[in-house]
Amino acid sequence: MNCIPLLCLLATANLLAAASADKPRLIASPEPEWAQWRGPQRDGTSLETGLLQQWPAGGPKLLWTSEGLGRGYSAPVIQNGRLYLTGESQERLEILALDLTGKVLWRATNGRAWKGPYPGARASCTLGHGRLFHLNAHGRAVCLEPASGREVWAVDILERFGSRNITWALSECLLVDGSRVFVMPGGPGTLLAALDVATGATLWQSGPLLTGPSADPAQRRVLDPAGEADLASYAPPTLALVAGHRQVLGCSQRHAFGADAASGKLLWTYPLPTRYDVIAATPVVCDQGVFVTAPDAGGGRLLQVTSEAGALRVEKAWGAALDTCHGGLVCLDGRL
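All of the points below concern the structure found in this document. (Residues numbered from 1 in each chain as written. Predicted model: local features only at pLDDT ≥ 70, side-chain atom pairs only at ≥ 80, totals over all residues. Heavy atoms only, no water.)

**A few points about the overall build of the chain**
Argument step 1. Within the chain one finds two helices and 21 strands.
Argument step 2. Dimensions of the chain along its principal axes, counting C-alpha atoms only, are 70 × 55 × 40 Å.
Argument step 3. Accessible area of the chain: about 16,300 Å², with a carbon and sulfur share of 55%.
Argument step 4. Charge centroids of the chain, computed over 29 positive and 29 negative side chains, lie 2 Å from each other. (Helix = DSSP H or I, 4+ residues; strand = E, 2+ residues; numbered from the N terminus. Areas by Shrake-Rupley, 256 points an atom, 1.4 Å probe, with all protein chains shown as cover. Lys, Arg positive; Asp, Glu negative; His and termini not counted. Charge placed at Lys NZ, Arg CZ, Asp CG, Glu CD.)

Put into structure tokens, the structure is as follows:
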């Protein structure tokens with residue numbers, strides 16, 4: 001490069017900035033502490049410092065235990081000295097708030113218990129915008145006051161958007177973005193919708209994700225049977241900046257997808273069919289792209305979403321022979 005040193009430095013800086021802007025990056029929740037599924041960025045990574053490098057002899061000291069919290073699979077979230085989790089009794093799902101001594105401060109009911117295969121609470125709670133949000137196995141999305149557990153509003157997303165439940169029940173950990181909370185009913189009405197955090201009113205809906213051929217290089221779909229509307233998956237979505245767009249990244253029953261966070265428009269889709277229509281792992285965002293995996297799906301895939309002259313394109317960069325049903329994948333220092 002023939003230029004004076006200062007101009008060379010500026011040109012190099014601009015190139016590096018442009019390259020950095022092209023890399024996907026997660027958008028963190030503004031909430032303090034561990035306020036949602038898998039942490040501030042939903043990536044399973046903690047920013048805490050000063051942690052022990054090894055356990056003391058005999059293991060860590062037991063501080064307290066708490067019983068009678070119900071049955072379930074969901075992970076707790078924590079904020080302002082309170083721990084929030086869910087559990088099911090024989091008939092109902094409960095959301096509980098505990099202090100850091102293990103004392104139960106309040107219990108709130110979010111509809112019926114799941115009595116289908118593998119009973120138990122599924123989704124974790126999400127804190128955002130001064131409220132606590134949760135989706136039960138039957139599609140009842142609820143907004144509570146974190147201090148008291150008082151119900152502010154509730155919406156049956158399957159009823160409102162004309163969809164139906166999936167085999168092992170809805171398991172989505174709701175995603176809050178400012179004044180919106182995203183829900184994924186799936187089906188012929190809409191794949192994804194945004195509700196007002198204050199009222200539960202519908203702000204936008206994406207429309208359905210239909211199977212079948214597409215001439216759009218950003219809309220790659222399961223080809224057969226054509227015309228079916230995809231249902232929801234078991235994988236909670238995440239929020240990221242990808243190819244210059246602020247996107248909700250998620251999975252439907254047979255696809256990975258990215259939707260515009262402001263409007264719900266489906267920006268790209270990629271087929272990920274499985275033997276039992278099970279996608280349960282949250283997409284992982286890394287510098288090189290978006291990694292998705294599911295059981296009996298021919299392995300995991302790193303997807304690259306690019307923008308060319310304003311048009312998006314999605315391609316598989318590489319695949320790996322993974323057969324991952326559950327579990328949180330983590331991207332750290334260039335490794336999965």
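**With respect to the sheet that holds strand β15 (residues 245-251)**
Argument step 1. Taken in spatial order, the five strands of this open sheet run β1-β14-β15-β16-β17, and their pairing is antiparallel. Bordering the open sheet on either side are β1 (25-26) and β17 (266-271), each of which pairs with just one other strand.
Argument step 2. Inspection of the sheet shows β15 paired to strand β16 (residues 255-260) by five bridges, in the antiparallel sense. Each bridged residue has a counterpart across the sheet, and for C251 the counterpart in β16 is A256. (Pairing = 2+ DSSP bridges.)

**Observations regarding the environment of L93**
Argument step 1. Relative to the assigned elements, L93 resides in strand β4 (residues 92-99).
Argument step 2. Judged by its relative accessible area of 1%, L93 is buried.
Argument step 3. For the pair L93 and H255, spaced 162 residues apart in sequence, the C-alpha separation works out to 29 Å.
Argument step 4. Those residues in contact with L93 that lie beyond four places of it in its chain are G87, E88, A108, T109, N110, G111, R112, A113, A121, H134 and N136. (Buried < 20%, exposed > 50% of the residue type's maximum accessible area, 1.4 Å probe, protein only. Contact = heavy atoms within 4.5 Å.)

**Considering the sheet that holds strand β18 (residues 284-286)**
Argument step 1. One open sheet holds the four strands; their spatial order is β18-β19-β20-β21, and the pairing between them is antiparallel. Each edge of the open sheet carries a strand with a single partner, namely β18 and β21 (311-320). Each strand axis lies, on average, 25° off the axis of its neighbour in the sheet, ignoring direction.
Argument step 2. Bridging between strand β20 (residues 300-308) and β21 involves nine bridges; their strand directions are antiparallel. Considered in β21, the bridge of T306 is made with R313. (Axes fitted to C-alpha atoms, helices over the stretch in contact; angles between N-to-C directions.)

**Overview of the state of the cysteines**
Argument step 1. Enumeration over the complete set of coordinates arrives at zero disulfides.
Argument step 2. With no disulfide of its own, C125 has C173 as its nearest cysteine by sulfur position, at a separation of 8.9 Å. (Disulfide = S-S within 2.5 Å.)

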